[in-house]
Amino acid sequence: MRLVLAMVEWPKNELDEFSQSVSALKDGPTFCEECFNFADTEKCAICTSVKRDQTRIAVVEKVTDLQSMEKTGAFNGVYHVLGGHINPANGSLPQNLKIKELEFRIRELQKLTPDIEVIIATNPNTYGETTALYIEEELKPLGVKLTRLARGLSVGSSVEYADEITLVNALKHRH
Ligand SMILES: [Zn+2]
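Overview of the structure. Note that the coordinates shown come from a computational prediction; the quantities given were computed from them, not determined experimentally.

A separate point is the sheet that holds strand β1 (residues 53-60). The strand order β2-β1-β3-β4 describes an open sheet built from 4 strands, whose pairing is parallel. Bordering the open sheet on either side are β2 (77-81) and β4 (145-148), each of which pairs with just one other strand. Put simply, the sheet's adjacent strands are angled 30° from each other on average, direction ignored. The pairing of β1 with strand β3 (residues 117-120) spans 4 bridges and is classified as parallel. Bridge pairing links Arg56 to Glu117 in β3. Relative to the sheet, helix α5 (residues 99-110) contacts β1, β2 and β3, its axis offset from that of β1 by approximately 165°.

The N-to-C vectors of α5 and helix α6 (residues 126-139) enclose an angle of 40°; their axes lie 11 Å apart at closest approach. As for how α5 packs across α6, the hand of that crossing is right-handed. Residues Ile99, Lys100, Leu102, Glu103 and Ile106 of α5 lie in contact with α6, whose contacting residues are Tyr134, Ile135, Glu138 and Leu139. Looking at the contact of α5 with α6, its residues break down into 6 nonpolar, no polar and 3 charged.

Below, the discussion takes up the pattern of salt bridges. Evaluated as defined, the whole model comprises 15 salt bridges. When the shortest N-O distance is used, the salt bridge between Lys12 and Asp16 registers 2.8 Å. Of this pair, Lys12 and Asp16 both sit in helix α2 (residues 12-24), 4 residues apart, roughly one helical turn. Classification of Asp16 by relative accessible area gives partly exposed; the value is 33%. Here Arg174 and Glu117 are joined by a salt bridge, their closest N and O atoms 2.7 Å apart. Here the residue Arg174 occupies a position in the segment after α7 (164-172), and Glu117 occupies one in strand β3, the gap between them amounting to 57 residues.

Turning next to the nonpolar core. Residues Met69, Tyr79, Ile106, Val118 and Ile135 are the most contacted members of the largest nonpolar core, which totals 41 residues. When contributions to this core are tallied by element, the ones reaching two or more residues are α3 (45-48), β1, α4 (63-72), β2, α5, β3, α6 and α7. Among residues more than four places away in sequence, those in contact with Tyr79 are Cys35, Ile46, Arg52, Ile57, Ala58, Val60, Leu66, Met69, Glu70 and Arg105.

At this site the zinc ion is bound by Cys32 (SG), Cys35 (SG), Cys44 (SG) and Cys47 (SG), with donor distances of 2.2 to 2.3 Å. Note that the zinc ion binds 4 donor atoms; their angles at the metal cover 105 to 116°, and the shape is tetrahedral. Each donor residue of the zinc ion lies on the same chain, and together they follow the pattern C-x2-C-x8-C-x2-C. In this pair, Cys35 sits in the loop between α2 and α3 while Cys47 sits in helix α3, placing the two residues 12 residues apart along the sequence. In this pair, the class of Cys35 matches that of Cys47, namely buried.

Calculation rules
Residues numbered from 1 in each chain as written. Predicted model: local features only at pLDDT ≥ 70, side-chain atom pairs only at ≥ 80, totals over all residues. Heavy atoms only, no water. Pairing = 2+ DSSP bridges. Helix = DSSP H or I, 4+ residues; strand = E, 2+ residues; numbered from the N terminus. Axes fitted to C-alpha atoms, helices over the stretch in contact; angles between N-to-C directions. Contact = heavy atoms within 4.5 Å. Left-handed = near helix turned anticlockwise from the far one by under 90°. Nonpolar A, V, L, I, M, F, W, Y, C, P; charged D, E, K, R; others polar. Salt bridge = Lys/Arg side-chain N within 4 Å of Asp/Glu carboxyl O. Buried < 20%, exposed > 50% of the residue type's maximum accessible area, 1.4 Å probe, protein only. Core = buried A, V, L, I, M, F, W, Y, C linked by side-chain atoms within 4.5 Å. Donors = N, O, S within 2.8 Å, 3.2 Å for Na, K, Ca; no water. Tetrahedral: all angles 85-135°; square planar, octahedral: opposite > 155°, others 65-115°.

Here's what the structure looks like:
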């Protein structure tokens, strides 16, 4: 009720925009074809930004992890959203994640520069660790620099809910 009362006060153009956004929800979100972040167009605002360093790629499990890292403002690179983590018990296997897409992306980028860093920013729990190790093995033959978030993040916690200071430190001291 409160929401409706507030919306009555909105200018018509804002109401129109809002209703379009709500009806677009039915079609599900659309994803960036590069990093699998949410996007309105083929590529998201981060991938298309000239201010972002396209050669530093943070690999995260979910879009919400990306959003938490963005909130810190401490990361100037780009992302790669896996769409989850490896958990065979749940039927979540490597081929369900965007790992092949990550390899392809790196190969394409390597045509432009050899100086690429992949920061594996999966969650510091069993599934995140399993996923990180798998990705490290997969990417090793490509010869890119591989780093991990530092252990500012306590074991069993998550990237999404880490406070900003912890995340900034984990990024700063990545190894
Ligand atoms: Zn993107």
